[in-house]
Structures are given as C-alpha cells and as structure tokens.
Amino acid sequence: MVEKRFYMACLDLAGREVLVVGAGTVALEKIRGLLDVDASVTVVAPDVSQPVEQLARSGRVALIRGRYRTSDLDGRFLVVAATSVTAVNTRVFADAEARGLLCNVVDVPDLCSFILPAVHRQGPIAVAISTGGASPALAQRLRDEVAALVGPRHAALAVELRTLRPWAKERYPTYEERRDFFQALVAERLA
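Residues numbered from 1 in each chain as written. Predicted model: local features only at pLDDT ≥ 70, side-chain atom pairs only at ≥ 80, totals over all residues. Heavy atoms only, no water.

**Student:** Just to check I follow, could you spell out the overall build of the chain for this structure?
**Tutor:** Assigned secondary structure in the chain consists of six helices and seven strands. For the chain, the sequential pattern of α-helices and β-strands runs β-α-β-α-β-β-α-β-β-β-α-α-α. A separation threshold of at least 6 residues defines the contact pool for the chain, and within that pool the share at least 24 residues apart is 47%. In the chain, 24 side chains carry a positive charge and 22 a negative one; their mean positions are 2 Å apart. (Helix = DSSP H or I, 4+ residues; strand = E, 2+ residues; numbered from the N terminus. Contact = heavy atoms within 4.5 Å. Lys, Arg positive; Asp, Glu negative; His and termini not counted. Charge placed at Lys NZ, Arg CZ, Asp CG, Glu CD.)

See below:
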C-alpha cells in the first residue's frame, strides 16, 4: 500500500466561513481550534452539547439545530464532520468533494482532503506535528515534547524578526541575502 502524503500548509481562516457538522465533545475540540484562529464557525447538529450551546448563546458560533443538509455547505470555505454517524460523515465528505471544498472527517483519514495536526502555540510560533492520520495520540505526545523546546524567548525573537522584515527587504535586495542575514541573526540570538 502506498503511504498517503499530505501537503503541509497553514491556513488563514480569519473571517472565513467554516461548517462543523456535529456538536459533541469531539466537535467542541475542533470548534475551539477554529475559534482560536478567528474562523466564522457555523455548527449544524440535531443534538447540541451544553458547551456548544453556550458558545452559540454568547454569539461565538452560529447554530443550526437539525440534521445536516447539503445546502449547509453553501458559502463555506471548509467543513469538519465530527458526528458519530458514519453515514452522515460519509455524505458530508462526498458533498464537500463535489463542491471542491476542503473537508476533514474526524478520525477517518480516508475521508479527509486535509488533516489536522497536533499544534503547540507560543506567541506567533505554531509548531504542528502530524503522523499522516496514523496516530493522533503519537502526534500529541510529540507535540508535547516539542513544546518543551519552544518557549517565550523563541516567541519574543519571532516578534523581533517580524519587525525587522521590512528593513531587511530594503537593505538586502535578494532573497538569498535576506535569508543569510536572518539565519545569522537567529544563530546569534539563540547561541
């Protein structure tokens, strides 16, 4: 069997419409991650857990009470299916594929056009660990080990380097010169 490989990318979801199908514990984890990056989240589910209900009451998510319908995908950028009903998850994936939408069916890598890595955030730094869907538990363990290495000093350096980018672009006309400058600066600051 050929190992499926995923193209790693960081998505800017700020203000983008995301649909989460399901409103239980697993869906809540995905909803919180989406809210953390300022996505505009709509949840559709016939049964809604108390924490998701609270997010809806606070206005942080839009809530559609009821069963998933294909039209729920209208205007969405991506979709996450997090129900315990295989037939629903399969339908969500098929509908998303037909529309060319990015889709993640939680814990079913074969029904995903993207997967979600385990993420550690420290300021502007985000370190993502993926096992290609093979083992979320292993990805979480590795994330925790990496988190011990990436701390506040790295975040402060990232902020400093971001502020230097416009100056470096003016001073160093080529990509290679800028790369060399920043690599030397990072080596010096983290020595």
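**Student:** In this structure, what is going on with the sheet that holds strand β2 (residues 40-45)? I would like to understand it.
**Tutor:** The strands that make up a sheet are held in pairs by hydrogen bonds between backbone atoms, and each pair lies either parallel or antiparallel. Ordered in space as β3-β2-β1-β4-β5, the five strands form an open sheet in which the pairing is parallel. Two strands bound the open sheet, and with one partner strand each, they are β3 (62-65) and β5 (102-105). For this sheet, the mean inter-axis angle between neighbouring strands, taken without regard to orientation, is 15°. (Pairing = 2+ DSSP bridges. Axes fitted to C-alpha atoms, helices over the stretch in contact; angles between N-to-C directions.)

**Student:** Sorry, what's going on with the state of the cysteines here?
**Tutor:** By definition, a disulfide links the sulfur atoms of two cysteines through a covalent bond. Counted by the stated rule, this structure contains zero disulfides. In this structure cysteine 103 is a free cysteine whose sulfur lies 6.8 Å from that of cysteine 112, the closest cysteine sulfur available. For cysteine 103, a relative accessible area of 0% gives the class buried. (Disulfide = S-S within 2.5 Å. Buried < 20%, exposed > 50% of the residue type's maximum accessible area, 1.4 Å probe, protein only.)

**Student:** Would you explain the pairing of β5 in this entry?
**Tutor:** Each regular strand carries side chains that alternate between the two faces of the sheet. Examined bridge by bridge, strand β4 (residues 78-81) and β5 share four bridges and lie parallel to one another. Within β5, the residue paired with leucine 78 across the bridge is leucine 102. You can see the chain leave β4, run along helix α3 (residues 86-99) and come back into β5, and the turn it takes is right-handed. (Right-handed = clockwise from strand over helix to strand, strands pointing away.)

**Student:** I keep staring at the packing of aromatic side chains and nothing clicks. Help me out?
**Tutor:** A ring pair, where both rings are aromatic, is described by two values, the distance of the centres and the angle of the planes. With the rule as written, the count across this model stands at four aromatic pairs. Here the aromatic rings of phenylalanine 181 and phenylalanine 182 are separated by 5.0 Å at their centres, their planes lie at 70°, and the arrangement is edge-to-face. Classification of phenylalanine 182 as buried rests on a relative accessible area of 18%. Above the face of the phenylalanine 77 ring, arginine 16 is positioned so that its terminal group lies 4.4 Å from the ring centre. (Phe/Tyr/Trp six-rings, centres within 6.5 Å; stacked < 30°, edge-to-face > 60°. Lys NZ or Arg CZ within 6 Å of the ring centre and 35° of its normal.)

**Student:** Would you explain the nonpolar core in this entry?
**Tutor:** Side chains of nonpolar character tend, in soluble globular proteins, to be buried together. Residues Val20, Ile31, Leu34, Val41, Val43 and Val61 are the most contacted members of the largest nonpolar core, which totals 22 residues. At the level of elements, β1 (17-21), α1 (25-36), β2, α2 (50-57) and β4 are the ones that each hand at least two residues to this core. Among the elements that take part in this core, α1 stands out by supplying five residues, more than any other. Counting residues in hydrophobic clusters, the runner-up holds 14 residues, among them Val79, Phe93, Val105 and Leu111. (Core = buried A, V, L, I, M, F, W, Y, C linked by side-chain atoms within 4.5 Å.)

**Student:** Honestly, the pattern of salt bridges in this entry has me stumped. Any pointers?
**Tutor:** If charged atoms from side chains of opposite charge come close, those side chains can pair. All chains considered together, the criterion is met by twelve salt bridges. We note a salt bridge from lysine 30 to glutamate 29, for which the minimum N-O separation is 3.7 Å. We classify lysine 30 as buried; its relative accessible area is 19%. Two residues, aspartate 95 and arginine 91, come together in a salt bridge whose shortest N-O distance is 3.6 Å. With aspartate 95 and arginine 91 both in helix α3, this residue pair falls four residues apart, about one helical turn. Each of Glu53, Arg57 and Arg65 takes part in a single network of salt bridges with overlapping partners. (Salt bridge = Lys/Arg side-chain N within 4 Å of Asp/Glu carboxyl O.)

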